[in-house]
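# Inside the fold
The residues making up each chain are set out below.
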Amino acid sequence: METGLAGKTVLVTGAAFGIGYATALGFAREGAHLALIDRDKVNLEARAEELRRHGVRVVTATADLAKAEGVALGLDAILRELPEGPDVLVNNVGFAAPKPFMEITDEQWEMTFQINLMAAVRMTRKLLPLLRNHPQAAIVNNASDLGRQPEAVPADYGAMKAALLSLTKSVARAEAPRIRVNAVAPGPIWTNFWSASGGFADALAAVHQMPPRQAVDHEMQLRQLPLARMGEPEEVANVIVFLASPLASFVTGSVWGIDGGSIRSLI
């Protein structure tokens, strides 16, 4: 199916791994040029070289988007190469350190707030004036099923992802009809977010007092996931690419679950 993305430029945050990289790859396969930001310079540059093999332009910037100055530095570096800005913004960067509610410190609440909400706020705010100049511009925010159906753990992450969904709908209304703004709400997706040392699986292991993969399987049982498996990054990327494309030209202010059926509510 023709997506109409060939020749467009897409900016993806948190692009060195997982859903971010799978999303960048999905756009590259459609012929879209890429602007990528991540704090991991080594892996970001390695991914950029892989993506250039698809015949698209790839520019990168290394920045910590959990800080206002990081967002400013990262975007300034990208816009020096692409002064006209992107056609599409994908706010993908995120972070979670699951702990029982009573163990979440003020410092962790602040970190979760900065990475999962304010990074998207700052990226969107700075790029909106440029996005308004592009026909068929789009923003896609990567939220979470926990923003729609909170679990006991992690309360801070779920709260910030719920705020990101609210932001999505607010900006969609404010920027219509020039810019479409949508969100994806992935369920459990097997990426380094889960599997890396110190990642989500290790954190759940501490919560459930069992080995990491066993703790993840236990968490899936608790959630009674209908498809009974973890998702793959490409399954999220496919929906992000669709939402960013003209194929979704009458879709804005929506939340698309890619969650294996985890959400039970009708709305």
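Read on for an overview of the structure. This one's a predicted model, so the numbers in the text were calculated from it and none came from an experiment. (Residues numbered from 1 in each chain as written. Predicted model: local features only at pLDDT ≥ 70, side-chain atom pairs only at ≥ 80, totals over all residues. Heavy atoms only, no water.)

### A look at the packing of aromatic side chains
- Here the structure, examined in full by the defined rule, presents 1 aromatic pair.
- Taking 5.4 Å as the distance between ring centres and 55° as the angle between the ring planes, the aromatic pair formed by Phe-242 and Trp-256 counts as tilted. Of this pair, Phe-242 sits in helix α9 (residues 233–244) while Trp-256 sits in strand β7 (residues 255–258), and the two are 14 residues apart along the sequence.
- Owing to a relative accessible area of 26%, Phe-242 belongs among the partly exposed residues under this scheme.
- A residue is classified by how much of its surface remains accessible, and Trp-256, at 31% relative accessible area, is partly exposed. (Phe/Tyr/Trp six-rings, centres within 6.5 Å; stacked < 30°, edge-to-face > 60°. Helix = DSSP H or I, 4+ residues; strand = E, 2+ residues; numbered from the N terminus. Buried < 20%, exposed > 50% of the residue type's maximum accessible area, 1.4 Å probe, protein only.)

### A few points about the packing of helix α3 (residues 68–81) against helix α4 (residues 106–131)
- At a closest axis distance of 9 Å, the pairing of α3 and α4 adopts a crossing angle of 30°. When you trace α3 past α4, the crossing you get is right-handed. Residues Ala-68, Val-71, Ala-72, Leu-75, Asp-76 and Leu-79 of α3 pack against Arg-122, Met-123, Lys-126, Leu-127 and Leu-130 of α4.
- Residue composition of the contact of α3 with α4, by class: 8 nonpolar, no polar and 3 charged. (Axes fitted to C-alpha atoms, helices over the stretch in contact; angles between N-to-C directions. Left-handed = near helix turned anticlockwise from the far one by under 90°. Contact = heavy atoms within 4.5 Å. Nonpolar A, V, L, I, M, F, W, Y, C, P; charged D, E, K, R; others polar.)

### Remarks on the environment of Val-93
- Here Val-93 shows up in the loop between β4 (88–91) and α4.
- Distance from Val-93 to Val-12, taken between C-alpha atoms, is 8.5 Å for residues 81 residues apart in sequence.

### Topic: the pattern of salt bridges
- Applying the stated criterion across every chain yields a total of 6 salt bridges.
- Of the charged contacts, one joins Arg-47 and Glu-50 as a salt bridge, the two residues approaching to 3.7 Å between their closest N and O atoms. With a gap of 3 residues between them, Arg-47 and Glu-50 both fall in helix α2 (residues 41–52), about one helical turn apart.
- Judged by relative accessible area, which is 26%, Glu-50 ranks as partly exposed.
- Among the salt bridges present, the one from Arg-132 reaches Glu-175, with a minimum N-O distance of 2.9 Å. Residue Arg-132 is found in the loop between α4 and β5 (137–142), and its partner Glu-175 is found in helix α5 (residues 155–175); the two are separated by 43 residues along the sequence.
- Residue classification places Arg-132 among the partly exposed positions, given a relative accessible area of 34%. (Salt bridge = Lys/Arg side-chain N within 4 Å of Asp/Glu carboxyl O.)

### Re the environment of Ala-35
- Within the fold, Ala-35 resides in strand β2 (residues 33–38).
- Residues Ala-35 and Arg-229, 194 residues apart in the sequence, show an inter-C-alpha distance of 32 Å.

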